[in-house]
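A look at the structure
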Amino acid sequence: MVDIKNLNIEELKDFVKELGFEPYRAKQIAQWLYKKRIKSFDEMTNLSKKARELLSRKARIDILKTVKVEESSDGTRKYLFELPDGNRIESVFIPEKDWNTLCVSTQVGCPAGCKFCLTAKDGFTRNLTAAEIVDQYIHVQRDVGENRRISNVVFMGMGEPLLNFDNVKKAVEIMTHRDMLDLSTRKVTVSTVGVVPGIDRMAKEMNKVKLAVSLHATTDEQREKIVPMNRRWPIGEIMKALRRYPADNNRRIMIEYVMLKGVNDSLEDARRLVKLIKGIPVKVNLIPFNPYPGAPFSPTPREDIEKFQKVLWDHNIAAFIRDSRGQDISAACGMLRTKEKKSA
Ligand code: SAH
């Protein structure tokens with residue numbers, strides 16, 4: 001059985017050929033899957049009954065099952081999905097005034113182990129397939145309705161995308177191909193904890209989408225304590241990778257910086273950050289830490305975040321404070337974690 005959403009356009013063409021269909025059928029099938037978002041091959045009414053039956057025997061369309069949907073007071077919706085093997089993942093729909101963003105997961109759990117992140121607590125189970133990533137989009141788009149089109153996708157849900165490079169790359173290809181989900185490449189963001197070989201591969205193979213790097217600290221000593229992966233790829237290595245990355249002022253790298261009270265939020269940190277990123281075309285996102293019960297950190301007070309931001313602005317670095325959305329349903333950054341375990 002082929003998960004048909006694992007196939008990018010070239011692979012779909014090959015698959016269609018193997019089944020003995022005319023080449024133009026690939027585009028038709030892609031339209032049914034990604035534009036009309038049908039649930040069964042039976043709905044592909046411009047294919048013969050025989051063709052539809054053959055497809056149903058060889059391939060599968062929907063992979064995820066929606067277990068639960070929660071809506072926050074600000075309109076953010078959190079989805080809990082079940083995978084065919086019983087594992088569960090989450091996605092978050094974030095409506096904005098002029099656009100809608102979907103935050104997708106790329107792994108079941110996460111191997112990065114960041115100390116302030118709830119997902120890390122469950123450890124790592126496995127990579128998601130491309131189909132399991134793309135299916136998050138399809139399911140959410142069907143649920144919110146076609147008049148609320150998802151225009152932006154951020155790979156910032158559970159997992160480390162660059163440790164699942166091949167499947168993330170294929171999901172991006174499906175999301176951005178004209179005959180498939182047709183999202184603008186500039187509206188797709190892949191966020192990494194700083195996997196240097198992955199950043200270098202992105203530079204070569206996936207540089208049309210936006211790169212975000214979760215830096216969170218300005219010295220190795222500090223960063224190691226909150227981002228254990230720093231031992232493998234320390235700040236200096238990450239910065240070198242960013243300096244060789246094909247970015248410019250129209251295509252800036254995003255630096256994510258979660259503000260942890262008394263840990264990484266001093267004005268000295270802000271000044272060190274300025275030095276680190278000097279000469280790299282970046283935009284800095286200051287993320288207020290989203291606390292959860294038992295969290296070993298607390299959020300930096302707003303006025304201190306603003307002071308930190310001002311140091312960056314004073315050095316001509318674009319820095320924004322990200323609003324926290326969906327906090328009341330634990331859908332905010334770093335809060336994704338399946339609370340309900342599957343009952344046996
Ligand atoms: N592994 C990737 C993508 C998933 S995490 C990465 O590290 O970038 C997405 C973002 O949420 C990261 O910047 C992460 O550091 C941040 N984050 C995790 N837990 C958080 C929390 N409790 N509060 C605020 N941001 C958090």
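Please read all numbers here as calculations on a predicted model, not as lab measurements. (Residues numbered from 1 in each chain as written. Predicted model: local features only at pLDDT ≥ 70, side-chain atom pairs only at ≥ 80, totals over all residues. Heavy atoms only, no water.)

This part takes up the side chain of Arg25. Here Arg25 lies in helix α2 (residues 25-35). One buried charged side chain, Arg25, makes no salt bridge at all; its nearest oppositely charged neighbour is Glu22, positioned 7.5 Å away. Here Tyr24 takes part through its side chain, which lies 3.3 Å from a polar atom of the side chain of Arg25. (Helix = DSSP H or I, 4+ residues; strand = E, 2+ residues; numbered from the N terminus. Buried < 20%, exposed > 50% of the residue type's maximum accessible area, 1.4 Å probe, protein only. Lys, Arg positive; Asp, Glu negative; His and termini not counted. Salt bridge = Lys/Arg side-chain N within 4 Å of Asp/Glu carboxyl O. Polar contact = N/O pair within 3.5 Å; in protein donor to acceptor, adjacent residues only side chain to side chain.)

Ranked by internal contacts, the top residues of the largest apolar core, which has 117 residues, are Ile4, Ile29, Phe116, Phe155, Leu242 and Val284. Counting residues per element, this core draws most heavily on helix α4 (residues 130-144), at seven residues. Looking at which domains feed residues into this core, each of domain 1 (2-60) and domain 2 (65-343) supplies at least three. Other than its neighbours up to four places away in sequence, Phe116 contacts His216, Ile226, Val227, Val258, Leu260, Phe289, Tyr292 and Phe297. (Core = buried A, V, L, I, M, F, W, Y, C linked by side-chain atoms within 4.5 Å. Domains from an automatic or database assignment. Contact = heavy atoms within 4.5 Å.)

At Arg37, a residue that is not glycine, the phi angle is positive and equals roughly 55°. Given the relative accessible area of 5%, Arg37 is considered buried. Backbone geometry places His216, a non-glycine residue, at a positive phi of 65°. Tracing the backbone shows His216 in the loop between β11 (210-214) and α7 (220-226).

Before going further, it helps to spend a moment on the packing of helix α1 (residues 9-18) against α2. Relative to each other, α1 and α2 sit at 120°, their axes nearing to 9 Å. Classified by the angle their axes make, α1 and α2 are oblique. Where α1 crosses over α2, the handedness of that crossing is right-handed. Facing α1, whose interface residues are Ile9, Leu12, Lys13 and Val16, α2 presents Arg25, Ala26, Ile29 and Ala30. Residues that form the contact of α1 with α2 fall into these classes: six nonpolar, no polar and two charged. (Axes fitted to C-alpha atoms, helices over the stretch in contact; angles between N-to-C directions. Parallel < 35°, antiparallel > 145°, perpendicular 65-115°, else oblique. Left-handed = near helix turned anticlockwise from the far one by under 90°. Nonpolar A, V, L, I, M, F, W, Y, C, P; charged D, E, K, R; others polar.)

Let us now look at the domain arrangement of the chain. Parsing the chain into structural domains produces domain 1 (2-60) and domain 2 (65-343). On the domain 2 side, the residues contacting the 18 residues of domain 1 number 21 residues. Interface area for domain 1 against domain 2, summed over the two sides, is near 1600 Å², with a carbon-plus-sulfur share of 54%. Its largest share of buried area at the contact with domain 2, domain 1 owes to Lys5, Tyr34 and Arg37, together 43% of the area lost on that side. Linking domain 1 with domain 2 are four salt bridges, by the criterion used here. Measuring nitrogen to oxygen at the nearest pair gives 2.4 Å for the salt bridge that ties Lys5 to Asp135. Counting across the interface, domain 1 meets domain 2 through ten residue pairs in polar contact (both at pLDDT 80 or more). Those elements that place two or more of their residues in the side of domain 1 that touches domain 2 are α1 and α2. Of all the elements, α2 adds the most residues to the side of domain 1 that touches domain 2, at six residues. (Buried area = accessible area lost by both parts, 1.4 Å probe.)

The subject of this paragraph is the site of the ligand. Close to the ligand lie 21 residues, the nearest being Glu160, Ser191, Ser214, His216 and Asn290. In the model, a nitrogen atom of the ligand is placed 3.1 Å from a nitrogen or oxygen of the Phe116 main chain. Take Ser191: an N or O atom from its side chain is 2.6 Å from an oxygen atom of the ligand. Across the complex, the protein chains shield 96% of the 540 Å² of accessible surface that the ligand would expose by itself. The set of elements that each furnish at least two residues to the shell around the ligand consists of β10 (188-192), β12 (253-259) and β13 (282-288). Of the residues assigned to the shell around the ligand, the class counts are eleven nonpolar, eight polar and two charged. (Near = heavy atom within 4 Å. Areas by Shrake-Rupley, 256 points an atom, 1.4 Å probe, with all protein chains shown as cover.)

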